[in-house]
Amino acid sequence: MIKSLQLIIIGFLLTTALSGCKASIDIFPTKKPTNLGITIAWHKGTVFTADYPTEKLKGSGINLAKRFTPTKADIEIFQSIFIQQVVGHGRSHIGHYKDYPYKASGKHFMQFAGFINERGEKVLHINFLYNQDNAITYEDDYKTVLDGGDHYWQLDVNLTTQQVIDLRVNGVG
């Protein structure tokens, strides 16, 4: 298990190194005006706009009062922080998940939502969803998975301070 996770990390790092230290990012419109599609290297995902319905984000930990639409520049900052502070360590150093290894591959679908915290700092919330059969699409709403094991997790990155501030793994299912 650890060996396969190390291979995933090495593959991600090689992909980003071969693309100039940053994986290519493409953001594009979808059929749903509040959802933008995104690809980062081999990952797919959705960027929720500031107009995405707040009731669909309840329970995500997002400040629903002050939101912003993440841009390509915001995602590039996230990518750099993610590589340095999560992937570069091979595990998260946050809270009681300090030994949680980075478990992302092309089988994970990412959902991005931006919000402004009480100090006026931009925070990016990323929801990682296991999507082996490609059932999750760009037009899907924010997904909440309870006790889905370590295939489902969320990460909050403060773009202003450039720090990973929270990691939540959805139980041991």
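What counts and what doesn't
Residues numbered from 1 in each chain as written. Predicted model: local features only at pLDDT ≥ 70, side-chain atom pairs only at ≥ 80, totals over all residues. Heavy atoms only, no water. Phe/Tyr/Trp six-rings, centres within 6.5 Å; stacked < 30°, edge-to-face > 60°. Buried < 20%, exposed > 50% of the residue type's maximum accessible area, 1.4 Å probe, protein only. Helix = DSSP H or I, 4+ residues; strand = E, 2+ residues; numbered from the N terminus. pLDDT = per-residue confidence, 0-100. Contact = heavy atoms within 4.5 Å. Salt bridge = Lys/Arg side-chain N within 4 Å of Asp/Glu carboxyl O. Lys, Arg positive; Asp, Glu negative; His and termini not counted. Polar contact = N/O pair within 3.5 Å; in protein donor to acceptor, adjacent residues only side chain to side chain. Expected span 1.5 Å × (residues − 1).

A. Spotlight on the packing of aromatic side chains. Overall, the coordinates contain eight aromatic pairs when judged by the stated rule. Each ring, one from Phe48 and one from Tyr52, has its centre 4.2 Å from the other, and the planes form 40°; the classification is tilted. For Tyr52, a relative accessible area of 1% corresponds to the buried category. When the ring of Phe78 is compared with that of Phe82, the centres are 5.3 Å apart and the planes differ by 35°; the resulting orientation is tilted. You can see Phe78 and its partner Phe82 sitting in helix H2 (residues 72–85), four residues apart, about one turn around the helix.

B. Expanded view of the confidence of the model for the chain. Scored by pLDDT, the chain has a mean of 78; 74% of the residues are at 70 or more. Within the chain, the lowest mean pLDDT, 45, falls on helix H1 (residues 2–18), and the highest, 96, falls on strand E1 (residues 25–29). Within the model, pLDDT remains below 50 along residues 1–10, and this stretch shows 10 contacts once partners closer than five positions in the same chain are excluded. Residue range residues 12–20 is modelled with pLDDT below 50. Its contacts to residues more than four positions away, or to other chains, number 16 contacts.

C. Highlighting the pattern of salt bridges. One pass over the full model with this rule turns up five salt bridges. For the salt bridge of Asp141 with Lys56, the shortest nitrogen-to-oxygen distance reads 3.2 Å. One end of the pair, Asp141, is in the loop between strand E6 (122–130) and strand E7 (149–158); the other, Lys56, is in the loop between strand E3 (43–48) and strand E4 (67–68), with 85 residues separating them in the sequence. Overall, the relative accessible area of 26% leaves Asp141 in the partly exposed class. With a relative accessible area of 33%, Lys56 lands in the partly exposed category.

D. Quick peek at the side chain of Arg67. The topology assignment puts Arg67 in strand E4. Buried and unpaired, Arg67 has no salt bridge, with Asp51 as the nearest side chain of opposite charge at 6.9 Å. Excluding residues within four positions of it along the chain, Arg67 makes contact with Thr49, Ala50, Asp51, Tyr52, Thr54, Leu57, Ile62, Gly114 and Phe115.

E. Quick look at the environment of Thr46. Its place among the elements puts Thr46 in strand E3. When the C-alpha atoms of Thr46 and Pro29 are compared, they prove to be 9.9 Å apart, with 17 residues separating the residues in sequence. Those residues in contact with Thr46 that sit more than four places away from it in its chain are Asn35, Leu36, Ile38, Phe109, Met110, Gln111, Phe112, Thr137 and Tyr138. At 3.1 Å, the side chain of Thr46 and the backbone oxygen of Tyr138 are in polar contact.

F. Molecular detail of H2. Helix length check: H2 (14 residues) gives 20 Å between terminal C-alpha atoms against 20 Å at 1.5 Å per residue, within 8%. Looking only at H2, the buried set comprises Asp74, Ile75, Phe78, Gln79, Ile81, Phe82, Ile83 and Gln85.

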